[in-house]
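Structural overview for review
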Amino acid sequence: QNVLITGGTGFIGKYLTQVLLANNFTVSILSRTPRKSSGLITYYQWNPERDYIEEDAILNADYIIHLAGEGIVEKRWTAKRKKSILESRTKPITLIHSLLKKHNKSLNAFISASGIGIYGANTSEQICTEDTPAANDFLGLTCQEWEKTADTIGALGIRTVKIRTGIVFGRAGGFLKKITPGFKAGFGTILGSGSQYLPWIHIEDLSQIYLKSILDTKIEGPYNAVLTDDTTQLKFSKTLANLYGYSIWLPKIPQSLLKIVLGEMSDAILKGQRVSSEKIQHTGFEFQFATLETALYDCLK
Ligand code: NDP
């Protein structure tokens, strides 16, 4: 059985590819850059902006996992950037949708990434579940539109899953890759007050959730992919510094400075979120990395 991954060249896609291969799937990757296929992975090219896609990518797929999208935190959210963040996620789905229709082709499942940003940043102790209403800030609206577009594939009668992902911890990229060099050099810091929650998931657990979404036909609709625990920015920074062998006075980066540097994006970092993992656990899923210490240790070792 073949799994096509859009954006499979990225941080999550690369890891997930290895998990799928180890579970006897063949993997195809849709990338905007031409790449040479290897024995195990077939690369297809597309250009979502020009509505171009190598049609065989879709025709040969039994499952599609949609991970493609412009980086969210890399640059300031200007109006142009916001448009690109949204359209780089929705346009590929629209393109896939029209090809499925054109060829009257079905899939066993369409599984799209989404984000816990759908619930909006907030400082409250409330634990958001999949039934919590979506927020009206930029990330909330983006995730809603992203999921609504994914549902157009569901409307073709294809089982559609939306993985509302927390901050992914892994060795090769994402949040930790950005933040660890400073900590490693002894400059550990806390962003904002430190009391805001930091909802995270280890990349192995996230990949296993994608795998389960393929294998378990009862899984459909939105699922939070995040571990519900008591990790705050302060706990995260202290744990990370400890793993680097120093227990320190941790200077805080003031909220006002972060607001100036990050603009609207600062809200997501300064406020944080608590998110429930109950729904995915009810499917029988068990987290392999269930404490902050074990997850960080695994990513740093
Ligand atoms: P990456 O940025 O590492 O990879 C995404 C891939 O998308 C890239 O390799 C690239 O592939 C493709 N891409 C980049 N820009 C565009 C664009 N403008 N149009 C179309 N394709 C583009 O992302 P991750 O692997 O970290 O994340 C995958 C998905 O999961 C994303 O949608 C992300 O928002 C979501 N997510 C990730 C989290 C995290 O902590 N990492 C947290 C929450 C959600 P190529 O250049 O080959 O075309």
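Presented here is a report on the structure given in the accompanying data block. (Residues numbered from 1 in each chain as written. Predicted model: local features only at pLDDT ≥ 70, side-chain atom pairs only at ≥ 80, totals over all residues. Heavy atoms only, no water.)

This part takes up the overall build of the chain. Helix and strand counts for the chain stand at 11 helices and 14 strands. Since a compact globule built from 301 residues should have a radius of gyration of about 19 Å, the 19 Å found for the chain is in line with a globular shape. Residues counted as buried form 52% of the 301 residues belonging to the chain. Partitioning the intrachain contacts of the chain with sequence separation of at least 6 by distance along the chain shows that 76% fall at a separation of at least 24. Total accessible area on the chain is roughly 14100 Å²; 53% of this is exposed by carbon and sulfur atoms. For the chain, the separation between the mean place of its 34 positive charges and that of its 28 negative charges on side chains is 6 Å. (Helix = DSSP H or I, 4+ residues; strand = E, 2+ residues; numbered from the N terminus. Rg over C-alpha atoms; globule rule 2.2 N^0.38 Å. Buried < 20%, exposed > 50% of the residue type's maximum accessible area, 1.4 Å probe, protein only. Contact = heavy atoms within 4.5 Å. Areas by Shrake-Rupley, 256 points an atom, 1.4 Å probe, with all protein chains shown as cover. Lys, Arg positive; Asp, Glu negative; His and termini not counted. Charge placed at Lys NZ, Arg CZ, Asp CG, Glu CD.)

Moving on: the site of the ligand. Taken together, 22 residues lie around the ligand, and Thr9, Ser31, Arg32, Glu70 and Arg89 are the ones closest in. Gly69 places a polar main-chain atom, nitrogen or oxygen, 3.2 Å from an oxygen atom of the ligand. The separation between an oxygen atom of the ligand and a polar side-chain atom of Arg89 is 2.8 Å. Coverage of the ligand by the protein amounts to 81% of the 900 Å² it exposes when considered alone. Of all the elements in the fold, those that place two or more residues in the shell around the ligand are helix 1 (11–22), helix 3 (79–102), strand 6 (109–115) and strand 9 (167–169). Considering only residue class, the shell around the ligand consists of 9 nonpolar, 9 polar and 4 charged. (Near = heavy atom within 4 Å. Polar contact = N/O pair within 3.5 Å; in protein donor to acceptor, adjacent residues only side chain to side chain. Nonpolar A, V, L, I, M, F, W, Y, C, P; charged D, E, K, R; others polar.)

Take the packing of helix 7 (residues 233–243) against helix 11 (residues 292–300) next. At a closest axis distance of 10 Å, the pairing of helix 7 and helix 11 adopts a crossing angle of 45°. Considering their axes alone, helix 7 and helix 11 lie oblique with respect to each other. Here the hand of the crossing between helix 7 and helix 11 comes out right-handed. When helix 7 is examined against helix 11, the residues Lys235, Phe236, Thr239, Leu240 and Leu243 are found in contact with a partner set consisting of Leu292, Glu293, Leu296, Tyr297 and Leu300. Grouping the amino acids of the contact of helix 7 with helix 11 by side-chain chemistry returns 7 nonpolar, 1 polar and 2 charged. (Axes fitted to C-alpha atoms, helices over the stretch in contact; angles between N-to-C directions. Parallel < 35°, antiparallel > 145°, perpendicular 65-115°, else oblique. Left-handed = near helix turned anticlockwise from the far one by under 90°.)

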